[in-house]
Amino acid sequence: MVASRAPTTTPAAAADGGIEENAMAILDSSGIKDSRDLHDDRAAFLEAVRSACLAADNPSAPSWRMYDGVFQVLRNSRSLELAVASFHLLMDLGKQYPRTYLTDSDGHQSLVVVKESWLPFLIGNGSLSSEIGGNARISDHLFDPSAIENMMLFQYLVNTLEADFVPRHIAYKQSLDWVIFRESLLNMLLGSRKLVFKSFVKNCMYLLLNQFHPEAKDAVEGSIPSEGEAKSASDMHSSLNYFLLESERTLVSLRKLFVMVMELDLIRKEVDTLGLTSRADGFRNPITEVILEELTYNISYLSPFLLAFMERKWKLNIILQYFSKYCAKGAVRTRRSDSSQQDLKLGSVLSFFLTTTSAKAIVKKMGTEVAQLLLAHAYQVCLSVQSDSSDSTATTEKIGASLQEISCNFIYAFQNLRKVGLNIQISPFEKEALFTAATLSRKLKNEER
């Protein structure tokens, strides 16, 4: 995530009346024309906005009407070419004229929020003008432009939330001022009376599971579709590839959205502990609790979810919270209790499987297949932390033991699980994890000698 930079043109200085009227006249006259003319007029409108607000020698920030016009083209164009062009334009305008950004002053970063800037959704008095994750159904026709438009729309809305969230996160770390996040777009969106949080999370999970394509390449992360890609998607093969790319990009946006909500929940937990919140902040269950509830009652979701959700810090956190439901019962937590000492670590989880008696007790509650699957994915997180040490402090603390200890105890855990269930099946993914653990364990022991 990269924080937005200060705009080169003041966002409040919107395009002058002449530029706005000329651009809007192209769009406003389109209702009386046939589909080909309508397409051409919308393309001309997008080009007029780009020329005035981005390409001119002295560009002007788009007015609310111009911004909303571009957004409506994305929502209603029914043309892949127009959808991609409007998506690009909205993304470029967001970079040029950020609503939320940081400025440097005497070595100190200050948060700037241009509250009068246009937004793709209206937040206030409990109202939302655009839904995120509200409709989890994707068109049955893979090459129906509306299906790809919906994916691009979702990507743009998540990008808007991220552009507001990242600079606030940086500013919060410096000041620990909860108001910074209380006024964030994400917090206000999740607090809207029109958004049922549990349904929202379940719909996002459904999308995450249905958009996940193991064969898709990871190279699309952080990328956006080009207009050239859209124009080349004319035959069946190209269209299928383009749809898969957009599906993967949507998956990346879903992961970003989940991580932002989890980060927000963590910050909310911190300020709750410090007594810095009030009744005005409202209350909702953390997203991990909703995810765990869904994974517990729909076991078939567990494996694809763990494959699709690859953010290691939060993935490990979900796995540990899943185990905590069955492995140990800590003290009762109050809304503002400090639970840092009660959080379960992977090293502690593995210790519950080091005897057949304790392993049998846990398997009786959660099932052998579930236990194996969770342990294998947790071990995968350990390996990824070992290979990439960047920003891994929090994850390392959650592991709670050395890689050698984890590897050895991981093997012992599977041995005891096999003793408990003589006819258990081990998936290829779990076999690979066991092979890696055995190899690493021998290597690390030899290095100690």
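The structure reproduced in this document is the subject of the present report. Here the residue numbering is sequential within each chain, running from 1 through the sequence in written order. Local features in a predicted model are, by the rule used here, given only for residues with pLDDT of at least 70; side-chain atom pairs are given and counted only at 80 or more, and totals for whole chains, interfaces and linings are based on all residues. Only hydrogens and water are set aside; all other atoms, that is, all heavy atoms of the structure, feed into the side-chain values.

What follows covers helix α8 (residues 197-211). Along its 15 residues, α8 runs 21 Å from first to last C-alpha, staying within 8% of the 21 Å computed at 1.5 Å per residue. Each residue is placed in one exposure class: buried if its accessible area under a 1.4 Å probe, protein chains only, is under 20% of its type's maximum, exposed if it is over 50%, and partly exposed if it falls in between. For helices the rule is a DSSP run of H or I covering at least 4 residues; for strands it is a run of E covering at least 2, with both sets numbered from the N terminus onward. Here α8 has its buried residues at Phe197, Phe200, Val201, Cys204, Met205, Leu207, Leu208, Leu209 and Gln211. The length a helix should cover is 1.5 Å for every residue beyond the first.

The topology assignment puts Asp281 in the loop between α10 (236-273) and α11 (287-297). Here a polar contact is recorded for every N or O atom pair within 3.5 Å, except that within protein the pair must consist of a potential hydrogen donor and a potential acceptor, and residues adjacent in sequence are included only if both atoms are side-chain atoms. A polar contact of 3.0 Å, which involves the side chain of Asp281, links it to the side chain of Trp178. Contact definition: two residues touch when any of their heavy atoms are within 4.5 Å. When residues no more than four places from it in sequence are discounted, the contact partners of Asp281 are Trp178, Arg182 and Arg268.

Bringing the pattern of salt bridges into the picture now. A side chain with one charge can pair with a side chain of the opposite charge if their charged atoms come near. Criterion for a salt bridge: a side-chain nitrogen of Lys or Arg within 4 Å of a carboxyl oxygen of Asp or Glu. Counting across every chain of the model gives 11 salt bridges. Between Arg50 and Asp92 there is a salt bridge; the shortest N-O distance is 3.2 Å. Placement of Arg50 in helix α2 (residues 35-55) and of Asp92 in helix α4 (residues 80-96) is noted, with a sequence separation of 42 residues between them. Residue class for Arg50 comes out partly exposed when judged on its relative accessible area of 22%. Here the salt bridges share partners, and the residues they tie into one network are Arg99, Asp164 and Arg168.

Turning next to the pairing of strand β2 (residues 108-113). Summarising the sheet, strand β1 (residues 100-105) and β2 pair through 6 bridges and their orientation is antiparallel. Residue pairing across strands places Leu102 opposite Leu111, the latter belonging to β2. Note on pairing: two strands pair once DSSP finds at least 2 bridges between them. The hairpin formed by β1 and β2 contains 2 residues between the paired strands, and Asp106 there has a positive phi angle of roughly 55°.

Residues spaced three or four apart along an α-helix point in a common direction, a consequence of the helix completing one turn every 3.6 residues. Between its first and last C-alpha, helix α13 (residues 312-327) extends 21 Å over 16 residues, near the 22 Å set by a 1.5 Å rise per residue. Burial within α13 is extensive, with 12 of its 16 residues counted as buried. Looking only at α13, the buried set comprises Arg312, Trp314, Lys315, Leu316, Asn317, Ile318, Ile319, Leu320, Tyr322, Phe323, Tyr326 and Cys327.

This part is about the environment of Ala23. Relative to the helices and strands, Ala23 is located in helix α1 (residues 17-28). With 21 residues separating them along the chain, Ala23 and Ala44 place their C-alpha atoms 8.6 Å apart. Other than its neighbours up to four places away in sequence, Ala23 contacts Phe45, Ala48, Val49 and Met66.

The next subject is the nonpolar core. We define the nonpolar core as a collection of buried residues of types Ala, Val, Leu, Ile, Met, Phe, Trp, Tyr and Cys that are connected through side-chain atoms lying within 4.5 Å of one another. Counting residues in hydrophobic clusters, the biggest one holds 123 residues, and the most contacted among them are Leu257, Ile291, Phe305, Phe323, Phe353 and Leu375. Here this core takes 13 residues from α10, the largest share from any one element. Here Leu375 is in contact with Phe323, Val349, Leu350, Phe353, Phe410, Ala413, Phe414 and Leu417, once residues within four sequence places are set aside.

Moving on, we get to the packing of aromatic side chains. To pair, rings of Phe, Tyr and Trp, with the six-membered ring standing in for Trp, must have centres within 6.5 Å; the planes then decide the type, stacked if under 30 degrees apart, edge-to-face if over 60, and tilted in the middle. For the coordinates displayed, the defined rule picks out 12 aromatic pairs. Residues Phe197 and Phe200 carry aromatic rings whose centres are separated by 6.2 Å and whose planes lie at 35° to one another, so their mutual orientation is tilted. Of this pair, Phe197 and Phe200 are both found in helix α8, 3 residues apart, which corresponds to roughly one turn of the helix. Both residues of the pair, Phe197 and Phe200, belong to the buried class. Three or more aromatic residues joined by ring pairs make a cluster, and in this case those are Tyr67, Phe71, Trp118 and Tyr156. The ring of Phe197 carries Arg284 above its face, with NZ or CZ at 4.5 Å from the centroid. Lysine and arginine charges are scored as sitting over a ring when NZ or CZ, respectively, is within 6 Å of the ring centre and within 35 degrees of the ring normal.

Of note in the backbone geometry, Arg78 takes a positive phi value of approximately 55° without being a glycine. In this structure, Leu176 is a non-glycine residue whose phi angle is positive, near 55°. As for its placement among the helices and strands, Leu176 is situated in the loop between α5 (145-175) and α6 (179-182). Residue classification places Leu176 among the exposed residues on the basis of a relative accessible area of 53%.

All we've got here are geometric facts, nothing functional implied.
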